[in-house]
Amino acid sequence: MRRAAAALVALGALLAACAGPGGAAGTRTAGAPPLRAGVGAGSRVGLPAPAHPTVAVRILFLAGSVDDPPGKEGLTALTAAVMAEGGTAKLAAAELARALYPMAAELTAVTAKETTVFAGRCPKEDLERFLPILEDVVRAPRFDPAELERLRRRAIDAVAKRLRSESDEELGKEALGLMLYRGHPYGHFTGGTVQGLQAITADDVAAHWRRVFTQARMSVGAAGGYQGDLPARLARDLAGLPAGAPRPALAPPVTRAPRFLLVEKPSAPTAISMGMTWDVRRGDPDFPALVVAVSALGEHRQGAAFRLFKELREVRGLNYGDYAYPEHFVQAPGSALPAVNHPRTYQEFTVWLRPVEPQHRLFAVRAALYEVDRWVKEGLGQEELDRVKRFLAGYTLTFDQADTRRLGYALDDRFYGLDQPWLATFRNRLATLTLDEVNAALRHHVDPARLRIAVATHGAAELQAELRSGAPSPISYPVPKPPAVLAADRVIERFPLGIAGPDDVKVVKADELFEK
């Protein structure tokens, strides 16, 4: 334990002290205006569609992992889980599950960096039975000690077992998050750390419920097959929650991290995540242009019509998936669509490559950096822009087809203080976006030198030596490739890695991450 703690202290020191290519002072996200008040303080959203067969209800709080006290990382997520699954004053946990089952009702709690949402859905004929249960989850949780222990063990296993050893993609993404946000309220895993979760007491959970799940931080919404003013009813029924106070504004993140963080793990496949913070988000005039530009680079799970997937997978067979994102991305369960209700005051541009065979990992990193550099310097062409705009005009229509997703987007619009719905605004803007606007926004906001790169791999020490040496990383193929591909490969294998010195490449073991 002492050895692991010492390693964690060293990791924190290196991420805080090593500025990497961004300079000694780190790279700051600045320029995004403060969010206008739009969510919390009893905000209501109603999207009635009486003919629809189900009703979706969401109770959203401005309470996320940014509210976790130091040393008790994971408190918000654990509190929400105990509320949603641990029973209410009227129903024990097992009784709660049995009450939902005959209605085919859904009730979940999802905690993100800045928000927690209690999402429910039921057939409209069961609304009068379901609604008091959902409301009691929020206003009268049981806080059963046995359920707290069960859910604590589950949360610790999610970190110590699944995150560290069962999901290379998530490990790489979360390691990148440590690099980008170290020292910022975003800077720990939303689900918590092992020691943070172990330190949480029953009194901590009850006190946190009273502190952050309050009227001042709450918004309510309903969509689908209901009649009357259901959001107003929800607000009245939850009026007994503590009044509370608005959450303080968050300071911009400052990235102080080496260029590369290599995470040593036991299994062979390599996951690569690279990214940078930026000062744009929904509502910024440049954001629609950047969504289009990033889509051209690599739309999530949409194949070879997009640059990274085409060049790395289709042409070179390096891996399974290569994608890029203009804002923090969480995939919706059972879908390739972005999940709703994960909004952030400060956003990021990221690229994911997974899984890559160890012998190709350095070439894959260079290939991605080469494509990003080309994307920024050369921009999009008119044919590419037109194709991506046509794709997005159709694809984004799938984003809000379900009532629960329409409601989620409407609540996110309130978070961002938007006067008009984001998806409708974006679709309208697509028609008028010009090539000059897209390429100008791309060049203004993306600086490849600011990218930080997390690599979850086996044999991290060997990769560290290769990176520090700067030696070429040629690739060979089992089948012949066209001359144009081989010519590009000769450039890629020597492409600069942006390493300022030996301290710009650090190694940490996976079982040392997310410990405290």
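Residues numbered from 1 in each chain as written. Predicted model: local features only at pLDDT ≥ 70, side-chain atom pairs only at ≥ 80, totals over all residues. Heavy atoms only, no water.

Per an unreviewed UniProt entry, the recorded name for the protein chain is Peptidase M16 domain protein, and the organism is Anaeromyxobacter diazotrophicus.

Draft legend 1. Summary view of the domain arrangement of the protein chain. The domain boundaries assigned to the protein chain delineate domain 1 (44-238) and domain 2 (260-512). Taken together, the contacts link 36 residues of domain 1 with 40 residues of domain 2. The junction of domain 1 with domain 2 conceals about 3200 Å² of combined surface from both sides, 66% of it contributed by carbon and sulfur atoms. The interface formed by domain 1 and domain 2 includes two salt bridges. Ionic pairing is found between aspartate 168 and lysine 265, a salt bridge with its closest N-O pair at 3.3 Å. Our count for the contact surface shared by domain 1 and domain 2 stands at 13 residue pairs in polar contact (both at pLDDT 80 or more). (Domains from an automatic or database assignment. Contact = heavy atoms within 4.5 Å. Buried area = accessible area lost by both parts, 1.4 Å probe. Salt bridge = Lys/Arg side-chain N within 4 Å of Asp/Glu carboxyl O. Polar contact = N/O pair within 3.5 Å; in protein donor to acceptor, adjacent residues only side chain to side chain.)

Draft legend 2. Spatial organisation of empty space enclosed by the protein. Applying the stated rule across the entire model yields one cavity of 30 Å³ or more. Empty space within the largest cavity amounts to approximately 450 Å³. Together, 33 residues line the largest cavity, and Pro326, Glu327, Phe329, Pro338 and Phe399 are the ones closest to its centre. Sorting the residues of the lining of the largest cavity by element identifies helix H10 (287-298), strand S10 (319-325), helix H13 (382-395), helix H14 (403-415) and helix H15 (422-430) as the ones contributing at least two each. Broken down by element, the lining of the largest cavity gets its largest block of residues, five residues, from H10. In terms of residue class, the lining of the largest cavity is made up of 21 nonpolar, eight polar and four charged. (1 Å grid on protein atoms, 1.4 Å probe; cavity = no way out; pocket = protein on both sides within 12 Å on 5 of 7 lines; lining within 4 Å. Points joined across faces, edges and corners; volume = space filled by probe spheres on them. Helix = DSSP H or I, 4+ residues; strand = E, 2+ residues; numbered from the N terminus. Nonpolar A, V, L, I, M, F, W, Y, C, P; charged D, E, K, R; others polar.)

Draft legend 3. A look at the environment of phenylalanine 61. Note that phenylalanine 61 resides in strand S3 (residues 54-61). Take phenylalanine 61: its relative accessible area is 0%, and that puts it in the buried class. When the C-alpha positions of phenylalanine 61 and threonine 214 are compared, they lie 7.7 Å apart, and in sequence the two are 153 residues distant. Non-local contacts of phenylalanine 61, meaning those with residues more than four positions away in its chain, are made with Glu114, Thr115, Thr116, Phe118, Val138, Val212, Phe213, Thr214, Arg217, Met218 and Leu241. (Buried < 20%, exposed > 50% of the residue type's maximum accessible area, 1.4 Å probe, protein only.)

Draft legend 4. Here's a closer look at the pattern of salt bridges. This structure, assessed with the given rule, holds 32 salt bridges. Glutamate 371 serves as the salt-bridge partner of arginine 374, at 2.9 Å between the closest nitrogen and oxygen. Taken together, the residues span about one helical turn, with arginine 374 and glutamate 371 both in helix H12 (residues 361-378) at a distance of three residues. By relative accessible area, arginine 374 is classed as partly exposed at 25%. Each member of the salt-bridge network shares a partner with another, and the members are Lys90, Glu135, Asp136 and Arg139.

Draft legend 5. Region of interest: the nonpolar core. Among the nonpolar cores identified, the biggest contains 71 residues, and Ile59, Phe61, Phe118, Phe213 and Val263 are the most heavily contacted of them. One finds Leu308, Phe349, Trp422 and Leu430 within the second-largest nonpolar core, a separate group that totals 69 residues. (Core = buried A, V, L, I, M, F, W, Y, C linked by side-chain atoms within 4.5 Å.)

Draft legend 6. Here's a closer look at the packing of helix H5 (residues 145-166) against helix H6 (residues 168-181). As a packed pair, H5 and H6 sit with axes 6 Å apart at the nearest point and diverge in direction by 95 degrees. Of the possible angle classes, the one that applies to H5 and H6 is roughly perpendicular. Across from Leu163, Arg164 and Glu166 in H5, the residues of H6 making contact are Asp168, Glu170, Leu171 and Glu174. Residue composition of the contact of H5 with H6, by class: two nonpolar, no polar and five charged. (Axes fitted to C-alpha atoms, helices over the stretch in contact; angles between N-to-C directions. Parallel < 35°, antiparallel > 145°, perpendicular 65-115°, else oblique.)

Draft legend 7. The arrangement of the sheet that holds strand S13 (residues 505-509) in detail. Pairing is mixed across the open sheet formed by six strands, whose spatial order is S10-S11-S9-S12-S8-S13. In the strand order of this sheet, the two ends are held by S10 and S13, each with one partner. Taking each pair of neighbouring strands and ignoring which way they run, the sheet shows an average axis angle of 15 degrees. Judged from the five bridges that link them, strand S9 (residues 270-278) and strand S12 (residues 452-457) form a sheet pairing that is antiparallel. The residue of S12 that forms the bridge with methionine 274 is isoleucine 453. Docked against the sheet, H10 engages S9, S10 and strand S11 (347-356), running at close to 170 degrees with respect to S10. (Pairing = 2+ DSSP bridges.)

Draft legend 8. Geometry of helix H16 (residues 435-445). Within H16 the residues assigned to the buried category are Val438, Asn439, Ala441, Leu442 and His445. For H16, the angular spread of the buried residues around the axis is 160 degrees, confining them to a single face. Turned more than 90 degrees away from the buried face of H16 sit Asp436 and His444, all of them exposed. Check the buried side of H16 and you find it contacts S9, H10, H12 and H13. (Arc of directions from axis to C-beta.)

Draft legend 9. Spotlight on the sheet that holds strand S4 (residues 106-111). A sheet is described by the order of its strands in space; here five strands give the open sequence S2-S6-S3-S5-S4, paired in mixed fashion. Since the sheet does not close on itself, it has two edges, and those belong to strand S2 (43-48) and S4, each with one partner. The sheet shows a mean angle of 10 degrees between the axes of neighbouring strands, taken without regard to direction. The pairing of S4 with strand S5 (residues 116-123) spans six bridges and is antiparallel. Bridge assignment links alanine 109 to a residue of S5, and that residue is phenylalanine 118. Along the sheet face, helix H2 (residues 75-85) touches S4 and S5 and points at about 170 degrees away from the line of S4.

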